[in-house]
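So you can see what is in the structure, the chains are spelled out below.
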Amino acid sequence: MLEDAKPQPAFARELSKEVRAYVLDRNGFTCQMCGAVAGEPHPYDPTRKTRLHIGHIIDKSMGGTDDPSNLRALCSVCNEGAANLTLDRPSHEKLLIQIRRATGADQLKVLEWLIKKFPKQADEISKHSSY
Ligand SMILES: [Zn+2]
């Protein structure tokens, strides 16, 4: 039997360890579709421990590349397409836990998004916290 006759999984197998580690770290070891965290019980199926894979944002069949900018962390549930968006809204405590775990760059993206969404409030807060 030939070595390369083994069935290949659907996710990107050909990526280097370094690229995988980079994408997982950049995504805060969190599934970019459902927010499940690597190693923690999966929010849709708590009997499963969350395992993360690297998925293409634009599928390779659609011209997507293996560049880290086209890659994202996806849990096995989302990778299988089984997840839906019926998850309860996260509480601010849960959101803060996720944000604290994220990389500085991702935290800044959250900040930018919040400032864009709440420009008046952001202005107020910055006025009151000028030490
Ligand atoms: Zn997921």
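Calculation criteria
Residues numbered from 1 in each chain as written. Predicted model: local features only at pLDDT ≥ 70, side-chain atom pairs only at ≥ 80, totals over all residues. Heavy atoms only, no water. Donors = N, O, S within 2.8 Å, 3.2 Å for Na, K, Ca; no water. Helix = DSSP H or I, 4+ residues; strand = E, 2+ residues; numbered from the N terminus. Buried < 20%, exposed > 50% of the residue type's maximum accessible area, 1.4 Å probe, protein only. Pairing = 2+ DSSP bridges. pLDDT = per-residue confidence, 0-100. Contact = heavy atoms within 4.5 Å. Salt bridge = Lys/Arg side-chain N within 4 Å of Asp/Glu carboxyl O. Core = buried A, V, L, I, M, F, W, Y, C linked by side-chain atoms within 4.5 Å. Polar contact = N/O pair within 3.5 Å; in protein donor to acceptor, adjacent residues only side chain to side chain. Patch = residues over 30% accessible without salt bridge, like charges linked within 9 Å, V, L, I, M, F, W, Y side chains within 5 Å. Areas by Shrake-Rupley, 256 points an atom, 1.4 Å probe, with all protein chains shown as cover.

S.K.: I tried to follow the coordination of the zinc ion on my own but got confused; where do I start?
M.R.: Each pair of donors in an ideal octahedron of six around a metal sits at 90 or 180 degrees, and each pair in an ideal tetrahedron of four sits at 109.5 degrees. At 2.3 to 2.4 Å from the zinc ion lie its protein donor atoms, namely Cys-31 (SG), Cys-34 (SG), Cys-75 (SG) and Cys-78 (SG). Read in sequence order, the donor residues for the zinc ion give the motif C-x2-C-x40-C-x2-C. Residue Cys-31 is found in the loop between helix H1 (17-26) and strand S1 (52-56), and its partner Cys-75 is found in strand S2 (residues 71-75); the two are separated by 44 residues along the sequence. Side by side, Cys-31 and Cys-75 carry an identical accessibility label, which is buried.

S.K.: Is there a simple way to explain the side chain of Thr-50 in this structure?
M.R.: Its place among the elements puts Thr-50 in the loop between H1 and S1. By relative accessible area, Thr-50 is classed as buried at 5%.

S.K.: Just to check I follow, could you spell out the pairing of S2 for this structure?
M.R.: Regular strands have side chains that alternate between both faces of the sheet. For S2, a buried count of four out of five residues is recorded, marking the element as mostly surrounded by other parts of the structure. In this structure, S1 lies alongside S2, joined through five bridges in antiparallel fashion. Its bridge partner being in S2, Ile-54 is matched across the sheet by Ala-73.

S.K.: What should I look at first to understand the confidence of the model for the chain in this one?
M.R.: If pLDDT is low for a region, its predicted coordinates should not be looked at in detail. Overall, the predicted model of the chain reaches an average pLDDT of 83, with 82% of residues at or above 70. Predicted confidence for residues 82-86 stays below pLDDT 50, and this span has six contacts to residues more than four positions away or in other chains.

S.K.: So what exactly am I meant to see when it comes to the pattern of salt bridges here?
M.R.: Pairing is possible between side chains of opposite charge, provided their charged atoms come close. On inspection of all chains with the given rule, the structure shows four salt bridges. Its salt-bridge partner being Lys-127, residue Asp-123 comes within 3.8 Å of it at the nearest N-O pair. Of the two residues, Asp-123 and Lys-127 are both situated in helix H5 (residues 119-128); the distance of four residues between them amounts to about one turn of the helix. With relative accessibility at 52%, the residue Lys-127 sits in the exposed group. Through salt bridges that share partners, Asp-123, Glu-124 and Lys-127 make up one connected network.

S.K.: Explanation requested: unusual backbone geometry in the structure shown.
M.R.: Trans peptide bonds make up the majority, and among non-glycine residues the majority have a negative phi. One non-glycine residue, Phe-29, lies in the positive phi region at around 50°. Position of Phe-29 relative to the elements: it lies in the loop between H1 and S1.

S.K.: How do you make sense of the nonpolar core when you look at a structure like this?
M.R.: When a protein is soluble and globular, its nonpolar side chains tend to lie buried together. Counting residues in each nonpolar core, the largest one holds 14 residues, and the members touching the most others are Cys-31, Cys-34, Leu-52, Ile-54, Cys-75 and Cys-78. Top element by residues in this core is S2. It accounts for four residues.

S.K.: Honestly, the environment of Ser-69 in this entry has me stumped. Any pointers?
M.R.: Within the element layout of this structure, Ser-69 appears in the loop between S1 and S2. Residues Ser-69 and His-56 lie 13 residues apart in sequence; the distance between their C-alpha atoms is 9.2 Å. If we ignore the near neighbours within four places in the chain, the residues touching Ser-69 are Arg-26 and Ile-57. A distance of 2.7 Å separates the side chain of Ser-69 from the side chain of Asp-67, its partner in a polar contact.

S.K.: Can you help me understand a nonpolar patch on the surface in this one?
M.R.: Together, Ile-57, Ile-58 and Met-62 line one region of the surface with nonpolar side chains, adding up to about 330 Å² of accessible area. Residue position: Ile-57 is located in the loop between S1 and S2. With a relative accessible area of 46%, Ile-57 lands in the partly exposed category.

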